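The lines below spell out each chain.
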Amino acid sequence: MNAIASEIVRDTGAVSAADLAKGGHFSGTIGDITTPNPRMVCREVNVWYGDKHAIKDVSLDIGNHQVVAMIGPSGCGKSTFLRCLNRMNDTIDGCRVRGSITLDGQEIYDKGLDPVPLRAQVGMVFQKPNPFPKSIYENVAYGARIHGLTNSKAELDALVETSLRKAGLWNEVKDRLDQPGTGLSGGQQQRLCIARTIAVSPEVILMDEPCSALDPIATAIIEELIDELREQYSIAIVTHSMQQAARVSQRTAYFHLGDLVEVGETTQVFTNPRHKLTEDYITGRFG
Ligand SMILES: Nc1ncnc2c1ncn2[C@@H]1O[C@H](COP(=O)(O)OP(=O)(O)O)[C@@H](O)[C@H]1O
Ligand SMILES: [Mg+2]
């Protein structure tokens, strides 16, 4: 550990996991929460479910053409924070979100802002692949129809093909586009859901443990795909797998009990964590 890092740990890392669990005070995120040229800027975001304070003053940039991984023990608020980024928490009764989140400078929680187009701009892929009970073609075409993105059948066909190609699924399904999406394997279904997300031209793609229901081969395919998608999109991924975070992300954010404890370059966070809580987690001491 270098001199600066050890000093910071002494300053702010004195608080232990046990102290925090008892309600001890957390003294602020370690590491650079900003990125040059961010796509989304989150500042002092707080989330409550009723009385439960699930996200506490979290500030973080989502970088352009970058994958940021969110890691931390179960229940630390990773999914809650991810859902803030496209206002998916709006749909949960009793959930309150405060703070500022902008997408390309526009406040996404502005009263006048319609969350429906926002959720196309900031698309989401879930843990369990959830294709609609429709054909492969319709799964991808659906959003484009709703948002009126194409003017003709030929245009829609082209969009479906492009989206399936970008999701690395075209060659496997091009001869059976009219068959149900639910008939595909788990890994194919997840790529279909990614194609569906891509079809409505997102800027940011949120992924909440997208591989946890998949076998290792399907996981490897999705991880490669994430790396390709980064060229065109900005990606925020929640994962419980530290190996996955290390493989797919450029930045890593470590959450603990609703606090963003540390954020930094992925290699730094995994090889030279600056906060004791991060170190304890990545060395397997808890979590
Ligand atoms: N819909 C909900 N209603 C009430 N509490 C919730 C809800 N969703 C999550 N929580 C609580 O918020 C905290 C963070 O949960 P979550 O964001 O799902 O964590 P993670 O994704 O890191 O496992 C947990 O204590 C969880 O029990
Ligand atoms: Mg979760």
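Keep in mind the model is a prediction, meaning the values are calculated, not measured.

Caption draft 1: Quick look at the environment of Tyr-233. Note that Tyr-233 resides in the loop between helix 9 (216-229) and strand 8 (234-238). Residues contacting Tyr-233, with those up to four places away along its chain left out, are Pro-202, Glu-203, Val-204 and Ile-205.

Caption draft 2: Unusual backbone geometry, seen in detail. The phi dihedral of Asn-37 is positive, around 55°, even though this residue is not glycine. Secondary-structure assignment places Asn-37 in the loop between helix 2 (17-21) and strand 1 (38-49). A residue is classified by how many C-beta atoms lie within 10 Å of it, and Asn-37, with 9 of them, is exposed. Despite not being glycine, Arg-87 shows a phi value in the positive range, around 60°. Tracing the backbone shows Arg-87 in the loop between helix 3 (78-84) and strand 4 (95-103). Given 19 C-beta atoms within a 10 Å radius, Arg-87 is considered partly exposed.

Caption draft 3: Seen up close, the nonpolar core. Met-70 and Ala-236 are the most contacted members of the largest nonpolar core, which totals 73 residues. Non-local contacts of Ala-236, meaning those with residues more than four positions away in its chain, are made with Ile-62, Val-68, Met-70, Leu-82, Leu-85, Val-204 and Leu-206.

Caption draft 4: How the structure looks around the pairing of strand 7 (residues 204-208). Of all five residues making up strand 7, five are buried, and the element is well covered by its neighbours. On strand 7, burial covers both faces: Val-204, Leu-206 and Asp-208 on one face and Ile-205 and Met-207 on the other are all buried. Strand direction decides the pairing type here: strand 6 (residues 122-125) and strand 7, joined by four bridges, are parallel. Pairing of Gly-123 across the sheet is with Ile-205, part of strand 7. Both strand 7 and strand 8 contribute to a ladder of five bridges, which runs parallel.

The rules behind each value
Residues numbered from 1 in each chain as written. Chains lettered and ligands numbered in written order. Predicted model: local features only at pLDDT ≥ 70, side-chain atom pairs only at ≥ 80, totals over all residues. Helix = DSSP H or I, 4+ residues; strand = E, 2+ residues; numbered from the N terminus. Contact = placed C-beta atoms within 7 Å. Buried ≥ 20, exposed ≤ 12 C-beta atoms within 10 Å, placed from the backbone. Core = buried A, V, L, I, M, F, W, Y, C linked by C-beta atoms within 7 Å. Pairing = 2+ DSSP bridges.

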